[in-house]
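Chain by chain, the residues run as shown.
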Amino acid sequence: MKRYNYLIPYSPRPDLNPPGRYAIIEAKKALLDSLTIQVLNAEGEVEKFQAIVTALTEKLTKFEGFLADAGANRAHTLSNKNLVDQVVQDAKNLLNNSEIAFDEVVIADGVTKRVAINMREVINKLIFSAEVINKLANLVIRKKALNPLISDELVTLVGTAGKDANNAISLTLTALQATYFSQAVSGEAEAAAALEFTQAKDFVASLTSGKNSLQSLIHKAYVDAKNLFQSLQTAVADVIEELNHATAALNKAEVKLKSIQAKLAAENAAALAS
């Protein structure tokens, strides 16, 4: 700490140091001592507030770093939240499409089964008709042998009808075979659609069902990150306010110290000059 020295002229001869002058010297000495103590006290105040400002500045720097990290984490968790929400929406769309496809396959399979049943009924009728036509053709041929008056055209027509009936049976059997093949394919498609629908439903459930679902956990992580960021924002604002108050107090203490130092210097100079 800087000390201020002052010199008080004094003579050992009693006749040169009257009582009044001695009192003045003592008063000046007391004033200088008082100002020196005030300077020491003011310097202590400056040091105290400087230490507070320094500590708060370091604290602010640290909290601003925390806030920056929290902001980055908040942005990252928000990106994850948006991404998982999109995944969930895509999964729900897949589930909806799978359900529609499954329903359509079920309907198609039902139609194929009904077509197969109708085809079997048609074949049965064709077979019955062919048998009747064939019997009629045999009968006409036998009658023709016994009665030459029966028209050859009739015999030909009946024979052609029998052939057509047999061809119709053959074509219908081919169609029925194709129907059975379509039914098998339809069954496989129905099984595949059912499996896809079940898997899509399970996938959506794993993403959204329960507190520990992926979507819930990622949403919670975002909420926690947002709350931490807001808390750190408040903390940084509080530290800035404290720092502003401490800085103002430091400035005031420094002004006071300079004022007292100037007064002490002036009084000391006056004492030396007297």
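The shown structure was predicted, so the numbers you read here are calculated from the model rather than taken from an experiment. (Residues numbered from 1 in each chain as written. Predicted model: local features only at pLDDT ≥ 70, side-chain atom pairs only at ≥ 80, totals over all residues. Heavy atoms only, no water.)

J.: Help me get a handle on the overall build of the protein chain, residues and values and all.
T.: Summing up its helical and strand segments, the protein chain has three helices and zero strands in all. Listed by position from the N terminus, the elements making up the protein chain come as α-α-α. By the burial criterion, 24% of the 274 residues in the protein chain qualify as buried. Contacts in the protein chain between residues far apart in sequence, at least 24 positions, make up 86% of those at least 6 positions apart. When the accessible area of the protein chain is evaluated, it comes to approximately 18,100 Å², of which 61% is carbon and sulfur surface. (Helix = DSSP H or I, 4+ residues; strand = E, 2+ residues; numbered from the N terminus. Buried < 20%, exposed > 50% of the residue type's maximum accessible area, 1.4 Å probe, protein only. Contact = heavy atoms within 4.5 Å. Areas by Shrake-Rupley, 256 points an atom, 1.4 Å probe, with all protein chains shown as cover.)

J.: Account for a nonpolar patch on the surface, naming residues and giving values.
T.: On the surface, Leu 83, Val 87 and Phe 203 cluster together to form a nonpolar patch covering roughly 250 Å² of accessible area. Locating Phe 203 in the fold gives a position in helix H2 (residues 152-208). (Patch = residues over 30% accessible without salt bridge, like charges linked within 9 Å, V, L, I, M, F, W, Y side chains within 5 Å. Salt bridge = Lys/Arg side-chain N within 4 Å of Asp/Glu carboxyl O.)

J.: Give a description of the pattern of salt bridges that names residues and reports values.
T.: As a working rule, side chains carrying opposite charge can pair if their charged atoms are close by. All told, the structure shown has three salt bridges when counted by the stated rule. A salt bridge links Lys 48 to Glu 45; the nearest nitrogen and oxygen atoms lie 3.5 Å apart. Of this pair, Lys 48 and Glu 45 both sit in helix H1 (residues 19-146), three residues apart, which is roughly one turn of the helix. A relative accessible area of 40% means that Lys 48 is categorised as partly exposed. Under the relative-accessibility criterion, Glu 45 is labelled partly exposed at 34%. For the salt bridge of Lys 220 with Asp 224, the shortest nitrogen-to-oxygen distance reads 2.9 Å. Note that Lys 220 and Asp 224 are positioned in helix H3 (residues 214-273) at a spacing of four residues, about one turn of the helix.

J.: Describe the environment of His 245, with residues and values.
T.: With respect to the helices, strands and loops of the structure, His 245 is situated in helix H3. Residue His 245 is classed as exposed on the basis of its relative accessible area of 54%. Residues His 245 and Phe 49, 196 residues apart in the sequence, show an inter-C-alpha distance of 10.0 Å.

J.: Outline the side chain of Gln 215, supporting the account with residue identities and numerical values.
T.: Looking at the secondary structure, you find Gln 215 in helix H3. We classify Gln 215 as buried; its relative accessible area is 18%. Ignoring anything within four residues of it in the chain, the contact list for Gln 215 reads Val 84, Asp 85, Val 88, Leu 207 and Thr 208.

J.: Mind laying out the environment of Ala 72, listing which residues take part and the relevant values?
T.: As for its position among the elements, Ala 72 is in helix H1. A relative accessible area of 49% means that Ala 72 is categorised as partly exposed.

J.: I'd love a proper account of the confidence of the model for the protein chain, names of residues and values included.
T.: The pLDDT averaged across the protein chain works out to 79; a share of 76% of its residues lies at or above 70. When the elements of the protein chain are averaged for pLDDT, H2 gives the smallest value, 72, and H3 the largest, 90. Below pLDDT 50 for its whole length, residues 1-15 participates in 27 contacts with residues either more than four positions away or in separate chains. (pLDDT = per-residue confidence, 0-100.)

J.: Run through the environment of Ala 200, naming residues and quoting values.
T.: Note on placement: Ala 200 falls in helix H2. For Ala 200 and Glu 99, which are 101 residues apart along the polypeptide, the C-alpha to C-alpha distance reads 9.1 Å. Dropping the residues within four chain positions of it, Ala 200 is found in contact with Leu 94, Leu 95 and Ser 98.

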